[in-house]
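Given next are the chains, with one letter for each unit.
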Amino acid sequence: MQTVVVVGLQWGDEGKGKITDLLTADAHVVVRYQGGNNAGHTVVVGDQEFKLHLIPSGILYPGTLCVLGNGVVINPKVLLEEMDGLTARGIDVSGIRISDRAHVIMPYHPIIDRLEEDSRTVGKIGTTGRGIGPAYVDKYNRYDAIRMVDLIQPEVFAERLQEVLERKNRLLKDFYGHEGLNYEAILKEYQGYADRLRERVVDASLLVNEAIDRGDKVLFEGAQGSLLDVDHGTFPFVSSSNPGSAGVSAGTGVGPTKISKVLGVLKAYSTRVGEGPFPTELPDDEVSKLRDGRGREYGVTTGRARRCGWFDGVIARYSIRVNGVTSLVVMKLDVLDNFETIKVCTAYRYRGELLREFPSSLRVLAECEPVYEELPGWNCDTTGARSYEDLPKAAQAYLEKVAELAGAPVDMVSVGWRRDETVIRKPIWG
């Protein structure tokens, strides 16, 4: 049985898209298990750059089955636009399948998302405004949820939409002062989406389990990162789902006994987008060397500048523990090529106390000061490295420190954006 989960170990944006793309070269099935179009993966193939938001990165390999699991919330308009954009660039999208149990993002979800965020004078979460949170709220509240299986049944969808929209319009008008939405316009629009997607909607749990049982290589791809996990992240500055490895079973209908490896992806430094504490964050006057140039630290989905800081070993240890990580991928090592010295956070100091474990309280985390160890930089270009021995000794020492702090072996290292700019120390499949 060869099943691999690719999970981000920081606040997302770790570079999972490239790793998923690399592993998909040998995979038969790639499954997205949570999140929505608030995510963004950038994959560079030759001189072409692909920005994916909903569709698994495996779509760039002909013949690969790409599945959106039941844990994903799907905006059908965005999905079809992404499919059309790929088709226009010569990419075959015939392998896309959608779980019949996946929930649908409706037009009122992004509106409520933005209105709710704008109504807060304090405590803003930093939502992307794509309607992801409100869609998950409806999922767990149950009453107003609409699933793909409802969308593709015309009579069922018409009845569900009428019932739900009455309540949503009352909320929009009475609470937010919004004019509300038109039933007939939404019905017509979404019936058009249903007509285009109907043949792709399947029992995804059955599809993926059958692939595993016949010995296919199956890759599970999440969005965001572990510190944005609604249960294990820096709550409430989190996403509305479980990006961690535990989300795979709930988001696909594949039992945990069928997962053989968990590959943790992290950057050689740290970044995050949105609000919330960030212990190793660099001040504004120092951040440009990481963010700009080779780092290109701007959100794929929103274009927002990412906050940047040094590598945080406390976070790495925590994320590896809650995800059951079996091996690590370190991304963007090349971004550190021109630093004289590089800092790594080994612990936190909180009111005179040394903390080696990640605190659950954001008030505590906000007061934590990083305890740094300083390592020498390598001051040379690493993008040409294709084996571990090709890397400068100082870069090897840095990676060994990362592995020591994190508590897991580094099996892959990315030294650039392109597929071939990767050092593979140990094959993941096999």
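Each remark here, short or long, concerns the structure printed above.
All of the points below concern the structure found in this document. Here the structure is a predicted model, which means the values were calculated and not measured. (Residues numbered from 1 in each chain as written. Predicted model: local features only at pLDDT ≥ 70, side-chain atom pairs only at ≥ 80, totals over all residues. Heavy atoms only, no water.)

Let's shift gears to the nonpolar core. Grouped together as the largest cluster of nonpolar side chains are 55 residues, with contacts concentrated most on Phe-220, Leu-328, Leu-333, Leu-336 and Tyr-398. Top contributing element to this core by residue count: helix α13 (residues 393-406), with eight residues. When near neighbours in sequence (up to four residues on either side) are disregarded, Leu-336 contacts Ala-268, Tyr-269, Leu-290, Ile-342, Trp-378 and Tyr-398. Counting 43 residues, the second-largest nonpolar core is a separate cluster that includes Leu-52, Leu-60, Ile-74 and Leu-79. (Core = buried A, V, L, I, M, F, W, Y, C linked by side-chain atoms within 4.5 Å. Buried < 20%, exposed > 50% of the residue type's maximum accessible area, 1.4 Å probe, protein only. Helix = DSSP H or I, 4+ residues; strand = E, 2+ residues; numbered from the N terminus. Contact = heavy atoms within 4.5 Å.)

Moving on, we come to the packing of aromatic side chains. Aromatic ring pairs are defined here through the distance separating the ring centres and the angle between the ring planes. Counted under the stated rule, the structure contains seven aromatic pairs. An aromatic cluster is defined as three or more aromatic residues linked by ring pairs; in this entry it consists of Phe-157, Tyr-190 and Tyr-193. Above the face of the Trp-417 ring, Arg-296 is positioned so that its terminal group lies 4.1 Å from the ring centre. (Phe/Tyr/Trp six-rings, centres within 6.5 Å; stacked < 30°, edge-to-face > 60°. Lys NZ or Arg CZ within 6 Å of the ring centre and 35° of its normal.)

What follows is about the packing of helix α2 (residues 76-88) against helix α7 (residues 183-197). The relative placement of two packed helices comes down to the angle between their axes together with the axis-to-axis distance. The interhelical angle for the contact between α2 and α7, taken along N-to-C directions, is 50°, at an axis separation of 10 Å. Comparing the axis directions of α2 and α7 gives the class oblique. In terms of crossing hand, the pair formed by α2 and α7 is left-handed. Taken together, the residues of α7 that come into contact with α2 (itself represented by Pro-76, Lys-77, Leu-79, Leu-80, Met-83 and Asp-84) are Glu-189, Tyr-190, Tyr-193, Arg-196 and Leu-197. Taken together, the residues of the contact of α2 with α7 break down into seven nonpolar, no polar and four charged. (Axes fitted to C-alpha atoms, helices over the stretch in contact; angles between N-to-C directions. Parallel < 35°, antiparallel > 145°, perpendicular 65-115°, else oblique. Left-handed = near helix turned anticlockwise from the far one by under 90°. Nonpolar A, V, L, I, M, F, W, Y, C, P; charged D, E, K, R; others polar.)

The next thing to look at is the layout of surface pockets. The computed volume of the second largest pocket comes to approximately 230 Å³. Taken together, 16 residues make up the lining of the second largest pocket; nearest its centre are Asn-75, Lys-77, Val-78, Pro-107 and Pro-110. Here the residues of the lining of the second largest pocket sort into eight nonpolar, three polar and five charged. (1 Å grid on protein atoms, 1.4 Å probe; cavity = no way out; pocket = protein on both sides within 12 Å on 5 of 7 lines; lining within 4 Å. Points joined across faces, edges and corners; volume = space filled by probe spheres on them.)

What follows covers the sheet that holds strand β10 (residues 218-221). Pairing is mixed across the open sheet formed by 10 strands, whose spatial order is β9-β7-β5-β2-β10-β1-β11-β15-β19-β20. In this open sheet, the two edge strands, each paired with only one partner strand, are β9 (201-202) and β20 (422-424). Across two bridges, the pairing between strand β7 (residues 96-99) and β9 is parallel. Directly across from Ile-98, in β9, lies its bridge partner Val-201. (Pairing = 2+ DSSP bridges.)

The terminal C-alpha atoms of α7, which comprises 15 residues, lie 21 Å apart, in line with the 21 Å expected from a rise of 1.5 Å per residue. The set of residues buried in α7 consists of Tyr-183, Ile-186, Leu-187, Tyr-190, Tyr-193, Ala-194 and Leu-197. Burial along α7 is one-sided: seen end-on, the buried residues are contained in an arc of 130°. In α7, the exposed positions angled more than 90 degrees off the buried face are occupied by Glu-184, Lys-188 and Asp-195. Turning to α7, the residues buried within the fold contact α2, β7, β8 (103-104), α5 (148-151), α6 (154-175) and β9. The backbone nitrogen of Glu-184 lies 3.1 Å from a side-chain oxygen of the residue at the head of α7, namely Asn-182. (Expected span 1.5 Å × (residues − 1). Arc of directions from axis to C-beta. Polar contact = N/O pair within 3.5 Å; in protein donor to acceptor, adjacent residues only side chain to side chain.)

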